[in-house]
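Chain residues, written in single-letter form:
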Amino acid sequence: QVQLVESGGGLVQAGGSLRLSCAGSGIIFSIFTMSWHRQAPGKQRELVATITSGGGTNYIDSVKGRFSISRDNAKNTVYLQMNSLKPEDTAVYYCAARFLSQSYWGQGTQVTVSS
């Protein structure tokens with residue numbers, strides 16, 4: 001059974017930091033491309049950051065220089081370090097794993113940034 005479990009969300013003031021974690025099980029974690037997505041109320045889910053099996057990363061423009069995605073394959077975990085948070089970063093954050101036709105999602109963790 002494949003599971004992706006996010007943690008680390010919460011309430012933070014603007015300018016603060018949070019570190020999200022996503023622990024995977026039931027998959028060969030190291031071969032999967034891992035990504036973080038978010039969905040704000042009334043908006044579509046958007047891709048925030050991606051890290052490939054080889055460690056290559058990509059970010060949407062609005063988080064470049066503030067967010068950093070990383071992975072620890074020994075722990076089957078992907079992280080999203082979020083600094084200089086803004087109220088517009090408020091959303092439910094989801095991690096996802098993708099390899100060829102396989103795709104899995106976590107249940108999400110709420111991030112709320114107060115102004």
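Our subject is the structure listed above.
Owing to the predicted nature of the structure, the values given are computational and were not obtained by experimental measurement. (Residues numbered from 1 in each chain as written. Predicted model: local features only at pLDDT ≥ 70, side-chain atom pairs only at ≥ 80, totals over all residues. Heavy atoms only, no water.)

Looking now at the state of the cysteines. One pass over the full model with this rule turns up one disulfide. A sulfur-sulfur separation of 1.9 Å characterises the disulfide bridge that pairs Cys22 with Cys95. Residue Cys22 is found in strand E3 (residues 18–25), and its partner Cys95 is found in strand E9 (residues 91–99); the two are separated by 73 residues along the sequence. (Disulfide = S-S within 2.5 Å. Helix = DSSP H or I, 4+ residues; strand = E, 2+ residues; numbered from the N terminus.)

As a further point, take the sheet that holds strand E7 (residues 67–72). Overall, antiparallel pairing links the four strands, which are arranged E1-E3-E8-E7 in an open sheet. Two strands in the sheet have a free side with no partner beyond their single neighbour: strand E1 (3–7) and E7. Averaged over all pairs of adjacent strands, the angle between strand axes in this sheet comes to 15°, irrespective of strand direction. Judged from the five bridges that link them, E1 and E3 form a sheet pairing that is antiparallel. Within E3, the residue paired with Val5 across the bridge is Ala23. (Pairing = 2+ DSSP bridges. Axes fitted to C-alpha atoms, helices over the stretch in contact; angles between N-to-C directions.)

Attention now goes to the packing of aromatic side chains. For the coordinates displayed, the defined rule picks out two aromatic pairs. Aromatic side chains Phe32 and Phe99 sit 5.7 Å apart centroid to centroid with 45° between the ring planes, which places their arrangement in the tilted category. Here the residue Phe32 occupies a position in the loop between E3 and strand E4 (33–39), and Phe99 occupies one in strand E9, the gap between them amounting to 67 residues. With relative accessibility at 2%, the residue Phe32 sits in the buried group. Between Phe32 and Tyr104, the aromatic rings sit 6.1 Å apart at their centres with planes inclined by 45°, giving tilted as the arrangement. Of this pair, Phe32 sits in the loop between E3 and E4 while Tyr104 sits in strand E10 (residues 102–105), and the two are 72 residues apart along the sequence. Each member of the aromatic cluster is reached from another via a ring pair, and the members are Phe32, Phe99 and Tyr104. Taking NZ or CZ as reference, Arg45 lies 4.8 Å from the ring centre of Trp105, over its face. (Phe/Tyr/Trp six-rings, centres within 6.5 Å; stacked < 30°, edge-to-face > 60°. Buried < 20%, exposed > 50% of the residue type's maximum accessible area, 1.4 Å probe, protein only. Lys NZ or Arg CZ within 6 Å of the ring centre and 35° of its normal.)

Moving on, we come to the side chain of Arg66. Relative to the helices and strands, Arg66 resides in the loop between strand E6 (57–59) and E7. Assessed through its relative accessible area of 11%, Arg66 is described here as buried. Looking at Arg66, its side chain comes within polar contact range of the main-chain oxygen of Ser62, at 2.9 Å. Apart from the residues lying within four places of it in its own chain, the contact partners of Arg66 are Gln81, Met82, Asn83, Ser84, Leu85, Lys86 and Asp89. (Polar contact = N/O pair within 3.5 Å; in protein donor to acceptor, adjacent residues only side chain to side chain. Contact = heavy atoms within 4.5 Å.)

Further remarks concern the environment of Leu80. Assignment of secondary structure puts Leu80 in strand E8 (residues 77–82). On a C-alpha basis, the gap between Leu80 and Thr112 in space is 15 Å, while along the polypeptide they are 32 residues apart. For Leu80, the contacting residues outside a window of four places in its chain are Leu18, Arg19, Leu20, Trp36, Ala49, Phe67, Ser68, Ile69 and Tyr93.

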